There are 2 protein chains.
Amino acid sequence: MFFQSVCATTRSLLSQLAHQKPTIILGFSGGPDSLFLLHVLDVLKNEGIITLVAAHLDHQWRQESAAEALFCKKYCAQKNIECIVHTADQYAANVPHSTSKEATGRNLRRAFLTTIKNHYSAQAIALAHHRQDQFETFFVRIIRGASLSGLTCMKQYNPPYLRPLLTYNKSDILTYLEQHAIPFCLDPTNNHETFLRNRIRHSIIPACTNADARFEQKLESTIQQLQQEDTFLQQLTIKKLTELSHTNHAGRSVINLSGFQNTDPVLQRRMLLDLLITQQRHFLPSSATINEIIRFLMGIKGGQHCVTPWIIKKKSNIFWIE
Amino acid sequence: MFFQSVCATTRSLLSQLAHQKPTIILGFSGGPDSLFLLHVLDVLKNEGIITLVAAHLDHQWRQESAAEALFCKKYCAQKNIECIVHTADQYAANVPHSTSKEATGRNLRRAFLTTIKNHYSAQAIALAHHRQDQFETFFVRIIRGASLSGLTCMKQYNPPYLRPLLTYNKSDILTYLEQHAIPFCLDPTNNHETFLRNRIRHSIIPACTNADARFEQKLESTIQQLQQEDTFLQQLTIKKLTELSHTNHAGRSVINLSGFQNTDPVLQRRMLLDLLITQQRHFLPSSATINEIIRFLMGIKGGQHCVTPWIIKKKSNIFWIE
């Protein structure tokens, strides 16, 4: 029942891709979650509705990592699934390094998966995040500070990422693997209290569940409501941005300045975020950066303003970002 | 410095009331927070910028409650501040009783304070919620389930309520009382783990602070951002509601039905919430109630639909709520 339900959810998500037989890259760590998702996607591969490539990044941070890479390769070979293994050092030069080891690890995996996706001209990248990962993400965002968009957490389909397990419980995944005697790798750093996510998993989530047994169910519906409000605001933002944009005689896409100045600060922030991300995907601008740019745009002074890595240029009644 | 800062914040909040010398009702429990706020408001009373009335509700739930009421009376008499003490049984008949004792207590206090406010034709009710109360409220909302509006928590000025201490720390309040040897009552139920708020205070908040020392600061700025996005959506809602409303020949305020049906679900929910609250302040409609009404309004069938205590009537191209 559980396995069939996940397969049905995955088929339904795949139908959103508008591609006859999409190629799916699976982010495959060899841990229980991605191993379970490999089994689900293998069913869809055997049904002939997807082409499947498993992709494993060997971070080389731990002793066991070479053995895990070997495990992934052998497991896929048994199931006749193509498996790509790369080492993280190949991507280190092109990825921003964060003070948080988790963030750097995620950046490396993203760069790796994007490379593999491009190499195979794949339609999507499947990730094995489950329901409890979603709740942990919510608290990571709360503790690090977030806007509404941040609190909406992960989505089942956020191109190019597919998360078919997002509404399923970790406990059901583990039960399935146990019942079918499926082996998997266990990452010992999942228990290290040095990682914020582990402290959330071991202290905050149990405290919330003790406070009220319906906590997970309530938080799930809260996140859904936040996603609806955020999507609505995002639609307004895109509509406003389209209204205020035009291509100037030099072929550059520019924004009408007085139109921007007369827009509510909430949409101003969102419009800028959209523009900055379009220009440079590697860095997510901080709240302080956004505020600094808004002050420049609302001011009388023209010219240009530099907030590394962006340059905002203002001239007559238009502005643009380089 | 701290005391002066709170006085300045309070004066600035009072300036929003647009009343020469407003009468302020203070919700006065005799506990440290409201006792501190009494001292602040007493300064403003002596400056001649407010008229002050302290209002204490004796819940009669605990042994100590009569002694606390007496303490409040005597304390105010010493400072020459008018103090009203009522017992909760006077209000019990007119207040919805909740399964949660905390919620019932809050409803009783609200009914009491509103009565006193009306009696004195006062301009505002001052409450002594501080910064840590705000964080606890956030988690109460998370654990019980909330929409964006719920997560925005309490505001410094949300007519008729003023919360001058909302950005100040409990620890600074206690230090001030200690330094000035000001006595106060201590409610022993503040430590009972039967109350959700106490479980949050004793388990969840410390777990979050242990996870990251900047947690309180980050959550404060997250709440501010949510308030901005929520206010913007609320303004859109009121604008849309005004657009779609008119007074019909019978003198009733009605809403254009096809206009409502063509509005985004996010604004539909908010418009309905607004209409239902205007009609009946005692009950906050649940998410399920709102969804049920939307289904009725989006359907082809006319007539009326009853969701106690509201009746929604639909006729030709209009609807209204009774």
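What you see is a predicted model; the values in this text were computed from it and never measured.

Engineer: Any chance you could break down the side chain of B:T237 for me, citing the residues and the numbers?
Structural biologist: Relative to the elements of secondary structure, B:T237 occurs in helix α9 (residues 215–244). The residues contacting B:T237, other than those within four sequence positions of it, are B:L267, B:R270 and B:M271.

Engineer: Give me the lowdown on the pattern of salt bridges, citing residues and values where you can.
Structural biologist: Applying the stated criterion to the full structure yields 26 salt bridges over all chains. Between B:E136 and B:R197 there is a salt bridge, with the nearest N and O atoms lying 3.5 Å from each other. Here B:R197 lies in helix α8 (residues 196–211) and B:E136 lies in helix α5 (residues 131–144), a separation of 61 residues in the sequence. Its relative accessible area of 4% is what places B:E136 among the buried residues. Here B:E322 and B:R252 are joined by a salt bridge, their closest N and O atoms 3.2 Å apart. Residue B:E322 is located in the segment after β11 (318–321), and its partner B:R252 is located in the loop between β7 (245–247) and β8 (253–256); the two are separated by 70 residues in the primary sequence. One salt-bridge network, held together by shared partners, links A:R131, A:E216 and A:E220.

Engineer: Go over helix α2 (residues 32–46) of chain A with me, naming the residues and quoting the values.
Structural biologist: Between its first and last C-alpha atoms α2(A) spans 21 Å; for 15 residues at 1.5 Å apiece the expected length is 21 Å, and the two agree. Here α2(A) lies mainly inside the structure; 12 of its 15 residues are buried.

Engineer: An account of unusual backbone geometry is needed here, citing residue identities and associated values.
Structural biologist: In this chain, A:P159 is followed by A:P160 through a cis amide linkage whose omega measures 0 degrees. Relative to the elements of secondary structure, A:P160 occurs in the loop between β5 (157–158) and β6 (161–162). Its identity is not glycine, yet B:A181 carries a phi of approximately 50 degrees, on the positive side. Locating B:A181 in the fold gives a position in the loop between α7 (170–179) and α8. For B:A181, a relative accessible area of 66% translates into the label exposed.

Rules used in this analysis
Residues numbered from 1 in each chain as written. Chains lettered and ligands numbered in written order. Predicted model: local features only at pLDDT ≥ 70, side-chain atom pairs only at ≥ 80, totals over all residues. Heavy atoms only, no water. Helix = DSSP H or I, 4+ residues; strand = E, 2+ residues; numbered from the N terminus. Contact = heavy atoms within 4.5 Å. Salt bridge = Lys/Arg side-chain N within 4 Å of Asp/Glu carboxyl O. Buried < 20%, exposed > 50% of the residue type's maximum accessible area, 1.4 Å probe, protein only. Expected span 1.5 Å × (residues − 1).

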